[in-house]
Amino acid sequence: MSYLRTFGLAALATAGLAAAASTAQAKDLIIGMMCDRTGPTAVTGTALCPGYHDYIDLVNSKGGVMGNKIIADEVDIQYKVPPAIEAYQRYKSEGAVLVSPYGTPMTAALIKTMEEDKIAGTTAGFGTAAAANGEKYPYMFPIAASYWSQTAAAIKFAKDKLGGDLKGKKIAYIFYDNPAGREGIPVLEEIQKQEGYELRTFGVPAPGVEAGSQVLDVTRRYRADFVLLHVFGRAPAVVLKELKRAGYPMDHVIGYVWAVSEGDIAAAGGWDVVEGYNTIQFAGVGSDYPVLQEIRDMYKAEGKDEPEAMKYTVYYNRGVFQAAVHVKAIENAVKAKGSADITGTDVRDGMEALHGFTLGGLVPPLEMSRQDHEGGGFVQVFQVQKGKYVPVTDWFRAYRDDVLRLLAAEHQ
Amino acid sequence: MEFAISLVAEGTLTGLMYSLIALGFVLIYKSTDAINFAQGEFVMIAAIVVAGCIDWFGFPLLVAVLIGFLFMVVFGMGLERFVLRPMIGMPIVSIIMATIGLAFFLRGFGPLVFGAAPTTINLPIPDSPIFWGPLYLKPIMLVGAGISILFLLAFGWFFLKSRAGVAMRAVADSHQVSMAMGINVERFFAVAWITAGIVALLGGLVWGNMIGVDTQLALVGLKVFPVVILGGLDSIIGVVVGGIIVGVVEALTSGFIDPMVGGGMKDFAPYVLMIVMLMIRPYGIFGRRLIERI
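Given the structure is predicted, the values throughout are model-derived calculations rather than measurements.

### Side note on the interface of chain A and chain B
By a widely used convention, the size of an interface equals the accessible area lost when the partners come together. At the interface, 35 residues of chain A touch 42 residues of chain B. Area buried by chain A at its contact with chain B is led by Glu 210, Arg 220 and Arg 245 of chain A, which between them contribute 24% of it. For the pair chain A and chain B, the number of links is 2 salt bridges. For Asp 214 of chain B, the salt bridge identified is with Arg 234 of chain A, shortest N-O distance 3.0 Å. The tally of links between chain A and chain B comes to 7 residue pairs in polar contact (both at pLDDT 80 or more). Counting only elements with at least two residues in the side of chain A that touches chain B, the list comes to α2 (42–61), α8 (212–222), α9 (235–245) and α10 (262–268) of chain A. By residue number, the principal contributor to the side of chain A that touches chain B is α8 of chain A, which donates 7 residues. Looking at the side of chain A that touches chain B, its residues break down into 15 nonpolar, 8 polar and 12 charged.

Following this line, the structure appears as structure tokens:
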């Protein structure tokens with residue numbers, strides 16, 4: 001009997017160990033990551049995507065998320081909707097737990113499908129701004145200042161620069177003529193009611209390789225007091241160069257988050273050309289952040305030099321930020337579930353559980369909730385001064401009530 | 001009114017810069033009777049080579065331009081030798097399809113070899129605008145327009161007065177007859193493609209300075225289609241007139257119509273003009289009355 005009992009216990013222990021081993025078996029967690037290394041917005045992807053992969057590699061080099069490896073499956077979508085939809089279908093069939101669309105038109109095309117499929121996604125720094133309302137768009141997370149928050153911050157910055165009063169001042173909004181570029185207009189019109197500024201919008205047709213006559217209009221006919229520059233891809237460099245040639249004061253120009261990279265400045269002719277240019281950032285600029293040092297150390301340990309993309313800190317840092325948010329949300333999901341068998345809904349919950357996330361000061365404290373998928377909507381303005389970016393504000397947000405009112409209106 | 005005058009001036013200068021690239025189309029058409037759909041990509045690749053020499057190797061501008069020049073000469077010769085020579089005597093549509101394929105190849109080849117990051121070509125031309133009465137002129141555009149005029153005059157003389165120019169026109173009319181008359185068709189093919197490459201280099205320098213250098217620069221080639229259709233595919237004077245019309249229409253549309261409709265008209269207005277021209281005078285303002293369906 002004693003023998004049988006011992007055998008039974010041993011058998012149970014063996015079965016238990018096998019079961020434990022089974023649940024603890026490492027799993028590859030797939031993130032569908034859309035990129036734009038070629039096409040009209042390649043200036044972004046060529047720096048942002050390497051930053052993303054480097055952070056994922058860093059996490060995997062430390063054992064992944066609780067022993068589970070993260071796979072970032074990249075597809076270069078060239079800022080086009082059809083390849084984005086194809087990429088999404090691939091991610092879905094692979095069982096991706098999170099998808100990172102790139103670009104406002106692509107997000108608009110996928111947002112409902114992702115919701116139906118219950119796959120969480122992020123849209124750091126681009127549209128749809130209305131996705132900041134997590135009750136309306138439960139599976140989409142802007143995770144950084146939306147175009148509405150950027151617009152509000154840009155107006156506040158212009159107001160401060162113009163002496164604290166915008167009444168009667170002429171604001172020019174130069175925008176990339178697509179859904180992303182048009183996103184700022186409702187907020188400009190909303191804030192206009194209380195600030196009393198004059199507003200004119202100037203659309204730059206895609207891909208924005210010429211903007212001479214629009215800039216001529218802004219500077220010679222309209223004679224704007226301040227310029228908000230919401231263009232991207234090749235357009236920022238072209239517009240900045242044209243503004244410079246028109247003799248417009250660059251410190252009266254503020255660029256939205258996709259018009260502000262080192263690559264744009266190089267293409268515009270260099271730092272001297274854009275001295276004084278103000279730029280909105282939703283992640284810190286520069287190399288002095290602990291997470292970047294960790295990546296450099298990782299390369300060093302592998303006997304490699306740091307990659308060229310690390311020099312383009314605006315987009316590289318944003319790639320790191322996006323990857324870190326994704327990893328943290330997945331980690332939250334795995335912890336909550338107790339295993340790596342997580343779903344898009346678990347990741348959504350993990351994303352909403354992000355609180356006080358700063359990535360060592362690289363980003364403002366991210367405070368996510370079911371109501372706020374934007375995480376606060378903070379930005380920081382950096383100005384080009386003597387060949388480098390210098391922060392000229394702290395993390396801030398502006399006209400929050402107006403932005404929230406517009407979001408609520410979207411919800412109705 | 002002052003604004004309108006400024007727009008017309010800006011449009012005229014832009015149009016003359018379009019003419020420089022359009023000249024590449026005309027050159028190829030006059031010598032091979034085919035349209036080079038890769039002319040925009042020629043501009044792109046020439047500019048990428050020059051910018052790459054400056055950015056990667058730190059070469060002075062003049063050295064980089066010289067390398068770009070040699071590259072385009074070798075490129076033109078290689079193109080003629082390996083792609084186009086086998087097509088002598090074949091239907092024109094074959095050459096056209098080859099240029100379309102070449103355009104796609106170059107769009108992939110450029111970023112593959114040189115990277116996708118945009119850059120610029122900093123020419124020693126001041127940025128400060130010149131104010132001349134109601135006119136507001138940008139130095140780079142004046143330089144670009146000047147280069148265009150000089151080259152257009154030079155090629156006008158070449159085609160009309162020189163023996164080589166006459167021979168090239170003969171080659172365009174008929175490969176077989178030209179060969180029968182003792183004209184070295186291969187040589188004139190090579191001269192045409194090399195010259196188109198050199199024109200593209202000049203366009204690349206000017207436009208690369210204006211709008212930066214990456215694969216998007218190839219889009220300037222598309223802008224030039226309305227220019228050559230309006231002016232006439234085989235007319236050098238047509239290139240100038242077509243360029244100015246397109247430039248001015250774009251500028252005026254951008255200044256006066258875009259603000260009324262919220263933007264977006266500027267880019268397609270020249271194509272509307274092009275379609276109208278194709279409907280009423282498909283050979284262009286100065287083109288030969290010779291229509292072929294391809």
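Picking up where we left off.
### Re the pattern of salt bridges
Counted under the stated rule, the structure contains 31 salt bridges over all chains. One salt-bridge network, in which partners are shared between bridges, spans Glu 190, Lys 193, Asp 402 and Arg 405 of chain A.

### Some words on the packing of aromatic side chains
Residues and elements named next belong to chain A. Considering all chains together, one arrives at 27 aromatic pairs over all chains under this definition. Centroid distance Tyr 79 to Phe 232: 5.7 Å. Interplanar angle 65 degrees. Geometry classified as edge-to-face. With Tyr 79 in the loop between β2 (70–76) and α3 (81–94) and Phe 232 in the loop between β8 (226–230) and α9, the pair connects residues that are 153 residues apart, well separated along the chain. Each member of the pair, Tyr 79 together with Phe 232, is buried. By way of ring pairs, the aromatic residues Tyr 79, Tyr 102, Phe 126, Tyr 176, Phe 232, Trp 258, Phe 282, Tyr 315 and Phe 321 are connected into one cluster. Across from the ring centre of Trp 258, 5.0 Å away, lies the NZ or CZ of Arg 318, which sits over that ring.

### Quick word on the state of the cysteines
All names here are of chain A. Inspection of the entire model under this criterion finds 1 disulfide over all chains. The side chain of Cys 35 participates in a disulfide bridge whose partner is Cys 49; the two sulfur atoms lie 1.7 Å from each other. Between Cys 35 and Cys 49, the S-S torsion sits near -135 degrees, and that sign places the bridge as left-handed. You can see Cys 35 sitting in strand β1 (residues 29–35) and its partner Cys 49 sitting in helix α2, a full 14 residues away along the chain.

### Let's talk about the environment of Thr 44 of chain A
Residues and elements named next belong to chain A. When you line up the elements, Thr 44 lands in helix α2. A C-alpha to C-alpha distance of 7.7 Å links Thr 44 and Trp 258, two positions 214 residues apart in sequence. With residues up to four places along the chain from it excluded, the contact list for Thr 44 reads Asp 36, Tyr 102, Trp 258 and Tyr 315.

### Quick word on helix α1 (residues 2–32) of chain B
Residues and elements named next belong to chain B. In this model α1 runs 45 Å from its N-terminal to its C-terminal C-alpha over 31 residues, within 8% of the 45 Å that 1.5 Å per residue would give. At Ile 21, α1 shows its strongest bend, of approximately 30 degrees. Among the 31 residues in α1, 27 count as buried, and that is most of the element. Positive phi appears at Asp 33, one or two residues downstream of α1, with a value of about 70 degrees.

### Points about empty space enclosed by the protein
Here the structure, examined in full by the defined rule, presents 4 cavities of 30 Å³ or more. Along its surface, the largest cavity is lined by 16 residues, and Glu 210 and Gly 212 of chain A together with Glu 10, Thr 14 and Lys 266 of chain B are the ones closest to its centre. Of all the secondary-structure elements, those providing two or more residues to the lining of the largest cavity are α8 of chain A together with α1, α8 (185–211) and α10 (236–261) of chain B. Partitioning the lining of the largest cavity into residue classes produces 6 nonpolar, 5 polar and 5 charged. When its volume is computed, the second largest cavity comes out at roughly 90 Å³. Met 34, Leu 48, Ser 100, Tyr 102 and Gln 322 of chain A are the residues nearest the centre of the second largest cavity, which is lined by 14 residues in total.

### Section: the sheet that holds strand β3 (residues 98–100) of chain A
Residues and elements named next belong to chain A. Taking strand neighbours across the sheet as the criterion, the 5 strands line up as β2-β1-β3-β4-β5 in an open arrangement whose pairing is parallel. At either margin of the open sheet sits one strand with a lone partner, and together these are β2 and β5 (140–141). Across 2 bridges, strand β4 (residues 120–122) lies against β5 in parallel orientation. Residue pairing in the sheet places Gly 121 in a bridge with Met 140 of β5. Each of β3, β4 and β5 touches helix α13 (residues 344–352); the most contacted strand, β4, lies at about 45 degrees to it.

### Focus: the sheet that holds strand β13 (residues 380–385) of chain A
All names here are of chain A. Here we have 7 strands laid out as an open sheet, ordered β7-β6-β8-β9-β10-β13-β14, and mixed in their pairing. In this open sheet, the two strands that pair with only one neighbour each are β7 (198–204) and β14 (388–391). Taken over all neighbouring pairs, the strand axes of this sheet differ in orientation by 25 degrees on average, direction set aside.

### Regarding the packing of helix α5 (residues 139–161) of chain B against α8 of chain B
All names here are of chain B. One way to put it is that α5 packs onto α8 with a least axis distance of 9 Å and a crossing angle of 170 degrees. One finds that α5 runs roughly antiparallel with respect to α8. For the pair α5 and α8, the crossing hand works out as left-handed. Here Ile 140, Met 141, Gly 144, Ile 147, Phe 151 and Phe 155 of α5 lie close against α8, whose contacting residues are Thr 195, Val 199, Leu 202, Val 206, Asn 209 and Met 210.

Reading the values: the criteria
- Residues numbered from 1 in each chain as written.
- Chains lettered and ligands numbered in written order.
- Predicted model: local features only at pLDDT ≥ 70, side-chain atom pairs only at ≥ 80, totals over all residues.
- Heavy atoms only, no water.
- Contact = heavy atoms within 4.5 Å.
- Buried area = accessible area lost by both parts, 1.4 Å probe.
- Salt bridge = Lys/Arg side-chain N within 4 Å of Asp/Glu carboxyl O.
- Polar contact = N/O pair within 3.5 Å; in protein donor to acceptor, adjacent residues only side chain to side chain.
- Helix = DSSP H or I, 4+ residues; strand = E, 2+ residues; numbered from the N terminus.
- Nonpolar A, V, L, I, M, F, W, Y, C, P; charged D, E, K, R; others polar.
- Phe/Tyr/Trp six-rings, centres within 6.5 Å; stacked < 30°, edge-to-face > 60°.
- Buried < 20%, exposed > 50% of the residue type's maximum accessible area, 1.4 Å probe, protein only.
- Lys NZ or Arg CZ within 6 Å of the ring centre and 35° of its normal.
- Disulfide = S-S within 2.5 Å.
- Expected span 1.5 Å × (residues − 1).
- Bend = angle between axes of the 7 residues up to and from the residue.
- 1 Å grid on protein atoms, 1.4 Å probe; cavity = no way out; pocket = protein on both sides within 12 Å on 5 of 7 lines; lining within 4 Å.
- Points joined across faces, edges and corners; volume = space filled by probe spheres on them.
- Pairing = 2+ DSSP bridges.
- Axes fitted to C-alpha atoms, helices over the stretch in contact; angles between N-to-C directions.
- Parallel < 35°, antiparallel > 145°, perpendicular 65-115°, else oblique.
- Left-handed = near helix turned anticlockwise from the far one by under 90°.

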